[in-house]
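Structure assessment
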Amino acid sequence: MKIPAPRLTSTTLAAFAALFFTLLNYAFFAEALRAHPFRGESGDWFLLTLPFFIFFFINIFAQLLALPFLHRVIMPALIVIGAAISWSSIFLKVYFSREILNNVLQATSAETLRVLSPSYAIWVVVFGIAPALLYLLVKVQWRSLVRELGWRMAWIIFSALGMAGIAWGFYQDYASFFRNNHGIMKLVVPSNFVGAALSKARMAWRARIPYTRLDVNARQLPPAPGAKRRVAVIIVGETARAQNWGLNGYARQTTPRLAARSDIINFTQVSSCGTDTATSVPCMFSVMDRAHYDEAHAEMQDNLMDIFQRAGVYVYWVDNNTGCKGVCNRIPNELITHRNLPEYCQGGECMDDILLTDFDKLIDSAQEKDAVLVLHTIGSHGPAYYARYTPEYRQFTPTCDTNEIHRCTNEELVNTYDNTLLYTDKFIADVIGRLEKRTDMASMVFYASDHGESLGENGIYLHGTPRSIAPKEQTRIPMIFWFSPAWLEEGDFDIQCLRQRAQSGSYSQDNFYSTLYALMRLDTQAPGSTWQQALDIIQPCRRAGR
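Residues numbered from 1 in each chain as written. Predicted model: local features only at pLDDT ≥ 70, side-chain atom pairs only at ≥ 80, totals over all residues. Heavy atoms only, no water.

1. So, the overall build of the chain
We count it as follows: Only DSSP runs of H or I with at least four residues qualify as helices, and only runs of E with at least two residues qualify as strands; both kinds are numbered from the N terminus onward. When we talk radius of gyration, it's over C-alpha atoms, and the globule rule is simply 2.2 Å times the number of residues to the 0.38. Buried, partly exposed and exposed residues are distinguished by accessible area as a fraction of the type maximum, computed with a 1.4 Å probe on protein chains only: under 20%, between the cut-offs, and over 50%, respectively.
A tally of helices and strands in the chain yields 19 helices and 15 strands. Taking 24 Å as the expected radius of gyration for a compact globule of 546 residues, we find that the chain reaches 27 Å, a close match to that expectation. Along the first, second and third principal axes, the C-alpha set of the chain runs to 90 × 55 × 50 Å. Each of the 546 residues in the chain was classed as buried or not, and the buried ones make up 56%.

Shown next, in the form of structure tokens:
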């Protein structure tokens, strides 16, 4: 017996879709109640109107999208995408924004597989694919053009009046709530995805600007007589947060090898430019500071690595992450995961030690030139923290050996994350150890994470929360310097002064550009120099005449 397909008018179908999305927004309603608990007081009653407000809001756009033929593509797609986003919002409290969309689009297949889990797949099937198929099964009853437009306008006006009525009755409450929780709308599906996509498209359009060359007169100053060539190794970390960094006084010693050294300069108060790799890494190497950072302009102008190369410095970028986010597009580089060496790699991802396979060879490739080598690590990238270290670094137990981190206890999750920092500590120490053996050059190591990570505080996991509302766990990062004896012997700056400032001052990734610019002996007085004295960490400790 053939079951007849359900029949609905276009406006009714759109309203049902809006209702479904409203029910899918559990994360929004839960966060609203957390931010403003209902106690039965006069200022709490607006909370009861939130579901109606969200329904009216979504319904206006659902009615506008209910176009012949197109609605059968757009609405099912939004239903599936909304379900996928809602899982992350409900269980990991992820705020979906353009930055998150960038990370999704730039993710490797291996990174994507690490995020997928049985519960995620079941959720998308039950709340995404099944409703989308049900939507497609509905036989739409289209009215005449005039009646269709009339009914469509009636629904839109009804929804607009509903929103206006709620606003009229609870304006002060709504204004106060959204002013104090201005990022909460990024939990509302599917508007968060639509907004992120439109923002991405707008950014792509803005990127249609001429490419700008910076520091066209970039040049290195001549070294002092007898000075050795300089080699700077920049280690870009991933997802390491300052709160769990042993050198910062964390209850556990997660950096034992670095702590055992007396020549590490650790900065205790450092903040990131963004809360995701796609923002922080380009921002870090850009001349723009966080307050003025613009993704479109950053893509269309030189960064620090381009300027080093123009000045005659040998540069190379080795990546064990999801790419350099455009920073290495114009310099020699390698995405080393493509080697897929079995002793380091599994499932398309590799342990960070793979970055050291050709370490000395790369340094020697510079011959007599000064060199800047960037090692972009996978560090503590989640949610599969357990995959970021080898068995001997599983020192804190029990661990969370799954990518469904919301199912683990806080103890298991923190233990696993702290183990990743033990491995990072080992990796940085190994880099320093290799450079110490090279007495033919003056070397230094700079390490900073791209951003931090949430480990369940206030129900938030991972990273990528909009910077304006991000918890400090996602924005406070570790940062260290190490200088070889040969570098310090040149006497450019007072190392004790730098140590004191590292402990007492507040810094950010904004300081990276100008600090490395000067350390590599680029002429800060050259015409058009982009060096900024106020952002150079070393400048207050630089000796006169240097």
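2. Description of the nonpolar core
Test applied: The criterion is simple. A nonpolar core is a set of buried Ala, Val, Leu, Ile, Met, Phe, Trp, Tyr and Cys residues joined through side-chain atoms within 4.5 Å. Working rule for contacts: check all heavy atoms of both residues, and any pair within 4.5 Å makes them a contact.
Counting 95 residues, the largest nonpolar core has Val233, Ile235, Phe359, Leu375, Val431 and Leu435 as its most contacted members. Examining the composition of this core, we find that ten residues originate from one element, helix α15 (residues 410-436), more than from any other. In contact with isoleucine 235, other than residues within four places in its own chain, are Leu375, Thr377, Phe427, Ile428, Val431, Val445, Phe446, Tyr447 and Ala448. Of all hydrophobic cores here, the second largest spans 59 residues; its members include Val327, Phe483, Ile495 and Tyr507.

3. A short note on helix α8 (residues 145-180)
We apply this condition: Every helix has an expected span of 1.5 Å times one less than the residues it contains. The term bend refers to the angle at a residue between two fitted axes, each drawn through seven residues, those ending there and those starting there.
Taking 1.5 Å per residue as the helical rise, α8 with its 36 residues ought to reach 52 Å, whereas the 44 Å between its terminal C-alpha atoms falls clearly short. A maximum bend of about 90° is found in α8 at phenylalanine 170. Restricting attention to buried positions, one finds in α8 the residues Glu148, Arg152, Ile156, Ser159, Gly162, Met163, Ile166, Tyr174 and Phe177. In the core, the buried residues of α8 are packed alongside α1 (10-24), α2 (26-35) and α3 (50-65).

4. Some points on the pairing of strand β6 (residues 314-319)
Note the cut-off: For two strands to pair, DSSP has to find at least two bridges joining them.
With six of its six residues buried, β6 lies for the most part within the structure. The alternating pattern of β6 places Tyr314, Tyr316 and Val318 on one face and Val315, Trp317 and Asp319 on the opposite face, and all of these are buried. Of the strand pairs in this sheet, β6 and strand β10 (residues 371-376) are connected by six bridges, and their pairing is parallel. Within β10, the position partnered with tyrosine 314 by the bridge is alanine 371.

5. Quick look at the sheet that holds β6
To keep it simple, the criterion reads: Where helices are involved, their axes are fitted lines through C-alpha atoms of the stretch in contact, as for all axes, and angles between N-to-C directions lie from 0 to 180°.
If you walk across this open sheet you meet the seven strands as β4-β14-β11-β3-β10-β6-β7, and the pairing is mixed. Of all the strands in the sheet, the pair left with one neighbour each is β4 (264-267) and β7 (333-335). Taken pair by pair, the neighbouring strands of this sheet meet at an average axis angle of 10°, ignoring direction. Bridging between strand β3 (residues 230-237) and strand β11 (residues 442-449) involves eight bridges; their strand directions are parallel.

6. Looking at the packing of helix α4 (residues 71-92) against helix α7 (residues 118-137)
Which entries qualify depends on this criterion: By the definition adopted for this analysis, an angle is roughly parallel if under 35 degrees, roughly antiparallel if over 145, roughly perpendicular if from 65 to 115, and oblique otherwise. Two helices crossing with the near one rotated counterclockwise from the far one by less than a right angle form a left-handed crossing, whereas a clockwise rotation gives a right-handed crossing. Residues were grouped as follows: Ala, Val, Leu, Ile, Met, Phe, Trp, Tyr, Cys and Pro as nonpolar; Asp, Glu, Lys and Arg as charged; and all remaining residues, including Gly, as polar.
At a minimum axis separation of 9 Å, α4 and α7 run at an interaxial angle of 155°. In terms of orientation, α4 lies roughly antiparallel with respect to α7. Considering only the axes of α4 and α7, their crossing is right-handed. Counting all contacts with α4, which are made through His71, Arg72, Met75, Pro76, Ile79, Val80, Ala83, Ala84, Ser86, Trp87, Ile90 and Phe91, the residues of α7 involved are Ser119, Tyr120, Trp123, Val124, Phe127, Gly128, Ile129, Pro131, Ala132, Tyr135 and Leu136. In terms of residue class, the contact of α4 with α7 is made up of 18 nonpolar, four polar and one charged.

7. Side note on the environment of arginine 257
By the element assignment, arginine 257 lies in helix α10 (residues 256-259). Of the residues examined, arginine 257 reaches a relative accessible area of 37% and is grouped as partly exposed. Note: C-alpha distance between arginine 257 and arginine 143 (114 residues apart in sequence) is 74 Å. Arginine 257 has contacts with Asp425, Lys426, Ala429 and Asp430, leaving out every residue within four places of it along the chain.

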